Structures are given as structure tokens and as C-alpha cells.
Amino acid sequence: AFIGLAAVLLPGPETDWTLFAIACAATAAIALAGLAAAHRRRGRALILLLPLSYFAVVAILRHSGTTGGSGFIALIMLPIVWLALFGDRRQLLIGLAAMTIALLGPFLAYGEARYLEAGWRSTLLFVVVGAVTGLAIQSLVERVRTTRDLLSGVLRNATGTAIIATDASGIITVFNRGAELMLGYRSEELVGKATPELLHDPEEVAERADELGFEAGSQELT
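Residues numbered from 1 in each chain as written. Predicted model: local features only at pLDDT ≥ 70, side-chain atom pairs only at ≥ 80, totals over all residues. Heavy atoms only, no water.

## Examining the packing of helix α3 (residues 46–63) against helix α5 (residues 89–110)
Two numbers describe how α3 lies on α5: the axes approach to 10 Å, and their chain directions differ by 20°. Considering their axes alone, α3 and α5 lie roughly parallel with respect to each other. Our pair here, α3 against α5, has a crossing hand that is right-handed. Here α3 contributes Ile47, Leu48, Leu52, Phe55, Ala59, Arg62 and His63 to the contact with α5, which in turn contributes Gln91, Ile94, Gly95, Ala98, Met99, Ala102, Leu103 and Tyr110. Of the residues assigned to the contact of α3 with α5, the class counts are eleven nonpolar, three polar and one charged. (Axes fitted to C-alpha atoms, helices over the stretch in contact; angles between N-to-C directions. Helix = DSSP H or I, 4+ residues; strand = E, 2+ residues; numbered from the N terminus. Parallel < 35°, antiparallel > 145°, perpendicular 65-115°, else oblique. Left-handed = near helix turned anticlockwise from the far one by under 90°. Contact = heavy atoms within 4.5 Å. Nonpolar A, V, L, I, M, F, W, Y, C, P; charged D, E, K, R; others polar.)

In C-alpha cells:
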């Protein structure tokens with residue numbers, strides 16, 4: 001959203017700076033409200049209210065071009081992506097309806113003198129592309145959440161088996177309940193903070209390295 005505002009510095013049509021300033025202030029207010037809600041872990045209603053508010057911001061930005069298209073119309077997709085990622089199907093459909101109003105309302109109010117004569121066509125295409133994009137993102141997010149929940153259930157119930165995973169750099173990313181019970185560490189102590197090296201006895205590592213013919217801690221052994 002803020003990169004979109006900065007686009008006004010590029011060559012384009014004349015700008016109504018009063019409207020542009022209103023859009024900037026509204027964008028900042030939306031961002032601050034979202035950050036505050038995320039910090040407090042409250043404000044579920046804002047998942048819908050903030051993108052709906054941003055549709056109004058895009059309409060203002062679009063109208064800030066005094067001699068035709070202002071070039072800000074692509075920002076109309078940001079609320080749809082947001083709702084697809086964090087909202088449910090009903091909220092996404094509400095967002096698509098709001099997109100239609102934000103696109104078509106100014107065209108009907110001011111006509112071709114202010115907006116391109118292809119207003120009906122561009123509205124249809126934006127709504128169709130927004131619907132396809134939003135529904136596809138929601139489908140993918142749902143699959144990821146289902147897989148995550150399934151994996152979380154397996155890890156949570158495998159209390160008799162230690163399951164530990166790391167990223168490419170060796171930092172622990174998974175430390176299940178079974179590992180906690182067997183090794184005496186809490187997952188919060190290790191995940192994202194330590195490597196499995198902490199869990200090994202250096203003498204046992206050195207002994208095993210000798211058996212394999214490597215020097216303990218060498219790249220070949222790891």
C-alpha cells in the first residue's frame with residue numbers, strides 16, 4: 001500500500017494533492033489499526049473492516065488523478081489478497097462486492113468525462129480476476145492449514161517417540177512432546193534457538209566419530 005503511494009513520484013497525470021493527502025492519512029490509519037490489533041491479538045472484526053476501508057482509499061486515489069486514470073487502480077487487488085489469506089469465504093465474497101462498488105460507483109457518478117469509457121469492462125475483469133485469485137489462495141491456504149493441523153496432531157500424540165527436525169542450517173524447528181519427556185527440554189527452549197548438538201554427549205560423539213573414521217565436528221561427519 002505504501003509503495004503504491006510512492007508511485008505518485010513517477011511520471012503520470014496531474015494529481016489532486018488534497019485527495020492524495022487524505023488517502024495517505026487513511027492508509028496510515030489502517031496500517032496502525034492493524035498493527036495495534038495484531039499486537040494485542042484482538043480485533044477479529046478488523047480482518048474485514050480494514051480491507052473494506054482500503055477499498056475507499058483506492059477509490060480516493062483513483063479520483064486524485066485530475067485528467068483521467070491515476071494509475072492506482074491495481075491497488076484494488078490488495079484487499080482481496082488480504083481477505084483470501086486471513087478471511088473466510090463469506091468475507092471474501094463481501095470483499096468482491098465492495099470491489100465492484102469501488103470500481104463501478106465512481107464511473108457511474110462521474111461518467112466517461114472522468115473515467116475511461118471501458119469502466120464496465122474493467123470492472124468485470126477485475127472482479128473475475130479477483131474472484132479467481134481469492135478463491136485459489138483460500139484453497140491453497142486451507143490445504144496448508146489442514147496439513148499443519150494433521151502434523152501438529154501427530155506430533156502432539158506421539159508422546160512415546162522423540163521427533164526432532166531442523167532447518168538447513170541445523171536450527172531445531174520441531175521438538176515434539178515425546179522429545180520433551182525423553183530429553184528434559186521444553187520445545188520453547190530449543191525451537192528456533194538451538195541445534196541438536198546440545199542434545200548429544202560430546203564423548204559419545206567423539207567415540208562414534210572414531211568408529212566412523214572421522215574427526216568429531218568435521219564437515220564429513222555432519
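On we go from here.
## With respect to the packing of aromatic side chains
For the structure on display, the rule yields four aromatic pairs. Judged by centre distance (5.6 Å) and plane angle (85°), the rings of Trp17 and Phe20 are edge-to-face. Of this pair, Trp17 and Phe20 both sit in helix α2 (residues 17–40), three residues apart, which is roughly one turn of that helix. A relative accessible area of 8% means that Phe20 is categorised as buried. For the pair Phe20 and Phe72, a centre-to-centre distance of 6.2 Å together with 35° between the ring planes defines the contact as tilted. Remark: Phe72 occurs in the loop between α3 and α4 (78–86) and Phe20 occurs in helix α2; sequence separation between them is 52 residues. Comparing Phe20 with Phe72 shows no difference in burial state: the two are buried. Grouped by ring-pair contacts, the aromatic residues Trp17, Phe20 and Phe72 constitute a single cluster. (Phe/Tyr/Trp six-rings, centres within 6.5 Å; stacked < 30°, edge-to-face > 60°. Buried < 20%, exposed > 50% of the residue type's maximum accessible area, 1.4 Å probe, protein only.)

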